[in-house]
2 protein chains.
Amino acid sequence: MSAIPEDFVHKTAQLSEAATRPFPNSRKVYVTGSRPDLRVPMREVTQSPTLTSGEPEENPPIPVYDTSGPYTDPNASIDLMAGLPDLRSGWIEARGDTLQLDGPTSAFGRARQSDPALAHLRFEHLRTPRRAKPGQSITQMAYARRGIVTPEMEFVAIRENMRLDELRADPRYASLLRQHPGNAFGQPLPEQITPEFVRDEVARGRAVIPANINHPEVEPMIIGRNFRVKINTNIGNSATTSSIEEEVEKMVWSARWGGDTLMDLSTGKNIHETREWILRNSPVPIGTVPIYQALEKVDGRPEELTWELVRDTLIEQAEQGVDYFTIHAGLLLRYIPLTADRVTGIVSRGGSILAKWCLAHHQENFLYTNFEELCEILRAYDVAVSLGDGLRPGSLADANDRAQFAELETLGELTKRAWEHDVQVMIEGPGHVPLQMIQENVTKELADCFEAPFYTLGPLITDIAPAYDHITSGIGAANIGWYGTAMLCYVTPKEHLGLPDKEDVRSGIITYKIAAHGADLGKGLPGAQVQDNALSKARFEFRWEDQFNLSLDPERAREFHDRTLPHDSHKVA
Amino acid sequence: MSAIPEDFVHKTAQLSEAATRPFPNSRKVYVTGSRPDLRVPMREVTQSPTLTSGEPEENPPIPVYDTSGPYTDPNASIDLMAGLPDLRSGWIEARGDTLQLDGPTSAFGRARQSDPALAHLRFEHLRTPRRAKPGQSITQMAYARRGIVTPEMEFVAIRENMRLDELRADPRYASLLRQHPGNAFGQPLPEQITPEFVRDEVARGRAVIPANINHPEVEPMIIGRNFRVKINTNIGNSATTSSIEEEVEKMVWSARWGGDTLMDLSTGKNIHETREWILRNSPVPIGTVPIYQALEKVDGRPEELTWELVRDTLIEQAEQGVDYFTIHAGLLLRYIPLTADRVTGIVSRGGSILAKWCLAHHQENFLYTNFEELCEILRAYDVAVSLGDGLRPGSLADANDRAQFAELETLGELTKRAWEHDVQVMIEGPGHVPLQMIQENVTKELADCFEAPFYTLGPLITDIAPAYDHITSGIGAANIGWYGTAMLCYVTPKEHLGLPDKEDVRSGIITYKIAAHGADLGKGLPGAQVQDNALSKARFEFRWEDQFNLSLDPERAREFHDRTLPHDSHKVA
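Residues numbered from 1 in each chain as written. Chains lettered and ligands numbered in written order. Predicted model: local features only at pLDDT ≥ 70, side-chain atom pairs only at ≥ 80, totals over all residues. Heavy atoms only, no water.

## As for the sheet that holds strand β1 (residues 26-32) of chain A
Residues and elements named next belong to chain A.
Thinking step 1. Ordered by their spatial adjacency, 3 strands build an open sheet running β1-β2-β3, and the pairing between neighbours is antiparallel. Strand pairing shows two members of the sheet lacking a second neighbour, β1 and β3 (62-64), which therefore form its edges. Across this sheet, the average inter-strand angle for adjacent strands is 40°, counted without regard to direction.
Thinking step 2. Against the sheet, helix α6 (residues 151-161) engages β1 and β2 (39-45), with an angle of about 10° to β2. (Pairing = 2+ DSSP bridges. Helix = DSSP H or I, 4+ residues; strand = E, 2+ residues; numbered from the N terminus. Axes fitted to C-alpha atoms, helices over the stretch in contact; angles between N-to-C directions. Contact = heavy atoms within 4.5 Å.)

## Some remarks on the pattern of salt bridges
Thinking step 1. For the structure shown, the criterion picks out 103 salt bridges over all chains.
Thinking step 2. Ionic pairing is found between Asp401(B) and Arg342(B), a salt bridge with its closest N-O pair at 2.7 Å. With a gap of 59 residues between them, Asp401(B) in the loop between β12 (384-387) and α16 (402-420) and Arg342(B) in the loop between β11 (324-327) and α13 (349-361) connect regions that are remote in the sequence. Neither Asp401(B) nor Arg342(B) differs from the other in exposure class; each is buried.
Thinking step 3. Residues joined in a network through salt bridges with shared partners are Glu57(A), Lys537(A), Glu541(A), Arg543(A) and Asp546(A). (Salt bridge = Lys/Arg side-chain N within 4 Å of Asp/Glu carboxyl O. Buried < 20%, exposed > 50% of the residue type's maximum accessible area, 1.4 Å probe, protein only.)

## Quick notes on the pairing of strand β8 (residues 230-235) of chain B
Residues and elements named next belong to chain B.
Thinking step 1. Of all 6 residues in β8, 6 are buried; the element is thus mostly enclosed.
Thinking step 2. Residues Lys230, Asn232 and Asn234 line one face of β8 and the alternating positions Ile231, Thr233 and Ile235 line the opposite face, and both faces are buried.
Thinking step 3. Here 3 bridges tie β8 to strand β15 (residues 487-489), and the two strands are oriented parallel to one another. Within the sheet, the bridge partner assigned to Ile231 lies in β15 and is Leu488.
Thinking step 4. Direction of pairing for β8 relative to strand β9 (residues 261-264): parallel, over a ladder of 4 bridges. When the sheet's bridge partners are listed, Thr233 is paired in β9 with Leu262.

## Thoughts on the interface of chain A and chain B
Thinking step 1. Listed by partner, the interface residues are 91 residues for chain A and 93 residues for chain B.
Thinking step 2. When chain A packs against chain B, the two sides together hide about 7,900 Å² of surface, and 64% of this comes from carbon and sulfur.
Thinking step 3. Seen at the junction of chain A and chain B, the total is 0 salt bridges.
Thinking step 4. Taken together, the connections running from chain A to chain B amount to 21 residue pairs in polar contact (both at pLDDT 80 or more).
Thinking step 5. Among the secondary structure elements, those contributing two or more residues to the side of chain A that touches chain B are α13 (349-361), α18 (469-483), α19 (502-523), α20 (530-540), α21 (544-549) and α22 (554-560) of chain A. (Buried area = accessible area lost by both parts, 1.4 Å probe. Polar contact = N/O pair within 3.5 Å; in protein donor to acceptor, adjacent residues only side chain to side chain.)

## Quick notes on the sheet that holds strand β10 (residues 286-288) of chain A
Residues and elements named next belong to chain A.
Thinking step 1. Taken together, 8 strands build a closed barrel; the order of strands is β8-β9-β10-β11-β12-β13-β14-β15 and the barrel is parallel. The sheet shows a mean angle of 25° between the axes of neighbouring strands, direction not considered.
Thinking step 2. Inspection of the sheet shows strand β14 (residues 454-457) paired to strand β15 (residues 487-489) by 3 bridges, in the parallel sense. Bridging across to β15, Leu457 finds its partner in Cys489.
Thinking step 3. Across the sheet, helix α9 (residues 244-257) lies against β8 (230-235) and β9 (261-264), angled at about 165° from β8, the strand it touches most.

## Examining the pairing of strand β2 (residues 39-45) of chain B
All names here are of chain B.
Thinking step 1. With 6 of 7 residues buried, β2 lies mostly within the body of the structure.
Thinking step 2. One ladder, built from 7 bridges, connects strand β1 (residues 26-32) with β2; its direction is antiparallel. Each residue of the ladder has a partner; that of Ser26, found in β2, is Val45.
Thinking step 3. Turn length for the β1-β2 hairpin, with the two strands adjacent in sequence and antiparallel, is 6 residues.
Thinking step 4. Both β2 and strand β3 (residues 62-64) contribute to a ladder of 3 bridges, which runs antiparallel. Within β3, the position partnered with Glu44 by the bridge is Pro63.

## Some remarks on the nonpolar core
Thinking step 1. Core analysis: the biggest nonpolar cluster contains 320 residues, and Val198(A), Ile291(A), Leu367(A), Val198(B), Ile291(B) and Leu367(B) have the highest contact counts within it.
Thinking step 2. Other than its neighbours up to four places away in sequence, Ile291(B) contacts Leu305(B), Val310(B), Gly350(B), Ile353(B), Leu354(B), Phe366(B) and Leu367(B). (Core = buried A, V, L, I, M, F, W, Y, C linked by side-chain atoms within 4.5 Å.)

## Observations regarding the UniProt feature "domain: ThiC-associated" (unreviewed entry) in chain A
Thinking step 1. Following the UniProt record, one finds the feature "domain: ThiC-associated" (unreviewed entry) at residues 22-98 of chain A.
Thinking step 2. Helix makes up 9% of residues 22-98 of chain A and strand 23%, and the two end C-alpha atoms of the span are 37 Å apart. (UniProt positions renumbered as here; feature names shortened; annotations may be inferred.)

## A closer look at unusual backbone geometry
Across residues other than glycine, the phi torsion is negative in most instances, and most of the peptide bonds are trans.
Residues and elements named next belong to chain A.
Thinking step 1. A cis amide bond, omega 5°, links Pro430 with the succeeding residue Gly431.
Thinking step 2. Mapped onto the fold, Gly431 is located in the loop between β13 (425-429) and α17 (438-448).
Thinking step 3. In the Ramachandran plot, Glu451 falls in the positive-phi region, its phi being about 70° despite a non-glycine side chain.
Thinking step 4. With respect to the secondary-structure elements, Glu451 resides in the loop between α17 and β14.

## Some details on α20(A)
Thinking step 1. Among the 11 residues that make up α20(A), 10 are buried, leaving the element largely enclosed by the rest of the structure.
Thinking step 2. Along α20(A), the positions that sit buried rather than exposed are Val530(A), Gln531(A), Asp532(A), Asn533(A), Ala534(A), Leu535(A), Ser536(A), Lys537(A), Ala538(A) and Arg539(A).
Thinking step 3. Where α20(A) is buried, its residues contact β3, α7 (164-169), α19 and α21 of chain A together with α18 (469-483) of chain B.
Thinking step 4. Phe542(A) sits one or two positions beyond α20(A) and adopts a positive phi of about 55°.

## A closer look at the relation of the copies chain A and chain B
Thinking step 1. With an RMSD of 0.0 Å, the fit of chain A onto chain B corresponds to turning through 180° and sliding 0.0 Å along the axis. Taken together, these values place the two copies in the relation of a two-fold axis. By C-alpha distance to the rotation axis, the residue of chain A lying nearest is Ile475(A), at 2.4 Å.
Thinking step 2. Here 100% of the interface residues in chain A have copies in chain B that are interface residues too; the copies meet face to matching face. (Least-squares fit on C-alpha atoms with pLDDT ≥ 70 in both.)

## Digging into the packing of α18(B) against helix α19 (residues 502-523) of chain B
Residues and elements named next belong to chain B.
Thinking step 1. It is at 8 Å that the axes of α18 and α19 come closest, and there the two elements cross at 25°. As summarised for this structure, α18 and α19 are arranged roughly parallel, according to the angle between their axes. When you trace α18 past α19, the crossing you get is right-handed. The segment α18 lies against α19, with His470, Ser473, Gly474, Ala477, Ala478, Gly481 and Trp482 engaging Ser507, Gly508, Thr511, Tyr512, Ala515, Ala519, Gly522 and Lys523.
Thinking step 2. In terms of residue class, the contact of α18 with α19 is built from 6 nonpolar, 8 polar and 1 charged. (Parallel < 35°, antiparallel > 145°, perpendicular 65-115°, else oblique. Left-handed = near helix turned anticlockwise from the far one by under 90°. Nonpolar A, V, L, I, M, F, W, Y, C, P; charged D, E, K, R; others polar.)

## Observations regarding the environment of Cys375(B)
Residues and elements named next belong to chain B.
Thinking step 1. Relative to the helices and strands, Cys375 is located in helix α15 (residues 371-381).
Thinking step 2. For Cys375, a relative accessible area of 0% translates into the label buried.
Thinking step 3. Placed 49 residues apart in sequence, Cys375 and Gln424 show a C-alpha to C-alpha distance of 9.7 Å.
Thinking step 4. Contacts of Cys375, omitting those with residues within four sequence positions, involve Ala418, His421 and Val423.

## Topic: the packing of helix α11 (residues 290-297) of chain A against α13(A)
Residues and elements named next belong to chain A.
Thinking step 1. Contact geometry for α11 and α13: axes closest at 10 Å, N-to-C directions at 50°. Considering their axes alone, α11 and α13 lie oblique with respect to each other. Where α11 crosses over α13, the handedness of that crossing is left-handed. Here α11 contributes Ile291, Tyr292, Leu295 and Glu296 to the contact with α13, which in turn contributes Arg349, Gly350, Ile353 and Leu354.

## Observations concerning the confidence of the model for chain A
Residues and elements named next belong to chain A.
Thinking step 1. Confidence in the prediction of chain A, expressed as mean pLDDT, is 94, and 95% of residues score 70 or more.
Thinking step 2. Here residues 1-7 scores under 50 on pLDDT; set against residues more than four positions off or in separate chains, the count is 12 contacts.
Thinking step 3. Note on residues 567-573: pLDDT is under 50 here. Beyond four places in sequence and across chains, it has 26 contacts.
Thinking step 4. Of the two predicted TM-score estimates for the complex, the pTM is 0.96 and the ipTM is 0.96. (pLDDT = per-residue confidence, 0-100.)

## So, the packing of aromatic side chains
Residues and elements named next belong to chain B.
Thinking step 1. Applying the stated criterion to the full structure yields 24 aromatic pairs over all chains.
Thinking step 2. An angle of 55° between the planes, with centres 6.5 Å apart, marks the rings of Trp91 and Phe155 as tilted. Linking Trp91 in helix α3 (residues 89-95) with Phe155 in helix α6 (residues 151-161), this pair joins segments that are 64 residues apart in sequence.
Thinking step 3. A centroid spacing of 5.5 Å and a plane angle of 20° characterise the contact between Trp482 and Tyr483, whose relative ring orientation is stacked. Residues Trp482 and Tyr483 agree in their burial class; the two are buried. (Phe/Tyr/Trp six-rings, centres within 6.5 Å; stacked < 30°, edge-to-face > 60°.)

Set out below in structure tokens:
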């Protein structure tokens, strides 16, 4: 018998139709890899033919990278109560280097699981966690370094490649494959993504595959400068708003519009249970900032944080399946005074928490001093670490200053140390940076952090447009992506002002898809221009429906189309 | 007795409150130049003090460049029936090189003026046109070349300088004046804009001041790469929609949000009368594409266009006061075949019209063959010419191709020829260009067209986001502005899909203000960072109202602010 009350079941079982309806004229396709259980999802947009005076000209279907998971597959049966299908457990078990635990090993995880008051909130189909066998290194980086191509690597190779080899062999695509040479700033992209190339990039630390062994539902994806630029979105409840069902709906909504990964930044009630629901239903990697939850455990008092509490939180979340953790281990005690003359001080929430702890105790950041043990935990579950920039600039005035770059240099030191443990690493970046100073961030990150993937928030190129900061930051994001940043953390129109609603999330995501795609085109990612060419041809031929269907937001494009307009392709100037 | 029916009077006399209400906590200030009738408008945003444990710290007022004209001045009395105050006639008359005509000299202008059926539409206070005396060269470029600093030049010097000298001398602004060095791609901006610098830039052809002697209501502004990057907006009725009063409201709306110039692209009814109403009430320079109106005069049949008809249209519009004309004189017959293999052919409306004419007659573009006479007309009224890019790319695929660049080279030839007539010149640019190919457009334009100001539409950095093309193009616009483009033609969310409404116009303008300001910061325009610094300081100190008031769109920022948010400056990641 279910312990979950009827209304809760009803709500979570019913995602909105808006979040799940299939995209128009699209079909979900799966490309099978070297084994039958390796099926890589893509979306294929079918087109209508071009009418000519003679035979109609066929316009071939266009494959589109698809982050939406089974939710847009009409053949998939979605049951939020049961979670998504388990894609990876077979692969993980077959490696024979992990063991299934009896239950959670964190004190907090155990307490939550045995608390009868939480029964009505708890995800029912709890799988016991898995962990590396003692002495085993089970991260994607560990395998890559040993020369092993995992199914996850093959999956992302097929996914990144987007059937480009087939398109090249098919004469219907010849003109659509026309593409301008890119400028990839000294790192030309390969003509084809092979599993071996993926393995090599992961081994070098130039790319990460965030895929915790306890998140077998994830559709593997890769973050690295030699792959498609990715975007992250943020959700999370807070003390004032939101419920579990809303957070799951937001996750599906984010994946629908193109979010490649998602950070759950909840700070409200039932963070643990909310996260479980999200993970069990998420096709995209989930990131968190564990210090946020740790702070809730000490009622918001940073000075009461301890390494032991954070460690327990790391294990708690790792055993649920979080794929990457933001860890602000590079904010050192001696860097804090460097922020004294800033216009906007320390604006990173994690940075601020740790700075308060350091100053309260006059001690070095405990995430730094316990970094070895921290890495051992990450390694046991293959949680990637995203080294946080607690001192990122919160205004143009503070961009690229000594505080920011001192921390970045320490992140480089930590990168090497994490890699010694085979832990996959990303580096977080700013923030607020004017156009002419963006490239220096990338150049310095690549040099100081040995090409570990850079993951930036925007940056905003001006501070004077609150309510439009998806745009101020989208401009910076396109540029920093072009220069070599691997993942862009989205910003919504409500940044600095309030909590985003669903339409804000959609605007933020589409803006960042534009930035990421613009960066791919700028770098010359092979095949990146196919969709542009197809849409432009449709536009020139007045195939309105094809134009809508090939766009990043077909629904909005159709809604904006003014049917009273004369059929005339000319623009106004 | 007025011939204008009561309801028309009522409608046009009543601009919406939304278009005219003063900005919050702002006051209109005027900086007087070397003569009492030279008063340069600016907006000043007052701030609240910072609360400290001791004496409150004063935060000084921040000057903001102001395009909104008298409409936001509570002391101005607005009467659309009478038009705006005449700022420049005294300056123009004092030069003694123009004469007041008895009435319009174009056949069309005379016919419209004497048609009793139009009486109810006609602007009442018709001033007779002014023209250069025979043999006189009365353009701002002509004066500049003769070493004369006109009041218009002094006006724009004060306007561009934005009281920066005063701010530098005032210790309250010391920290707000902190600014990062820019990268202006070999053209460092002067520390202070002097009237002599303005004169020199206009004389070199590196900047234009679009200010027809028949538009004395205009508040002079300058377009050139060594000044603030400007933005243009488009309005215009069409066969299906809009009325005179709507167009005037749109003009005021555009100026309110920051449009520096405005193109009236009307193709519907009563184009002549609509333009008169707009000009008489417009504080910003007005541009047109005269071939659009000429085409209406031949019922939309391009092949029936003649030079005589276009010449009459040029004179008609010049005598009304249009400040710049887009002229597609560089689209040569032999360039048309270069577009044959394009994905999107010829997308410029003007380009398409002229290509059809050329092909129908198998003759060279009559705007090219009559360019000398055309320049003589422009010179007689000081209409600047914006040399149109009729072959601009309409898709990424067609960017930077031979057709586009062949036309650009001809625009360079025409630039020199126009300058021989002292005609001020701008060069129009694309369009659709991926990130890595944008800079080549600027480099080539500056070289081929001898640094004449570049004026681009976007460019869009991807084709796949209809409904978000303000953003796809805003990214390109920020970059092309940074590289040295002088003016950015805005794009609204409805581009490619439909006609923009007021909210679309506002979104387009704010997006382009962000792009232009981002470009100014990128180049290192002195003083550009003051507003960013002030807003960031307000943000850090939780002075919410100051944060809203200092933003590009104070109303939207206030509306988005979620008062339920905890008072916490930390962002979520």
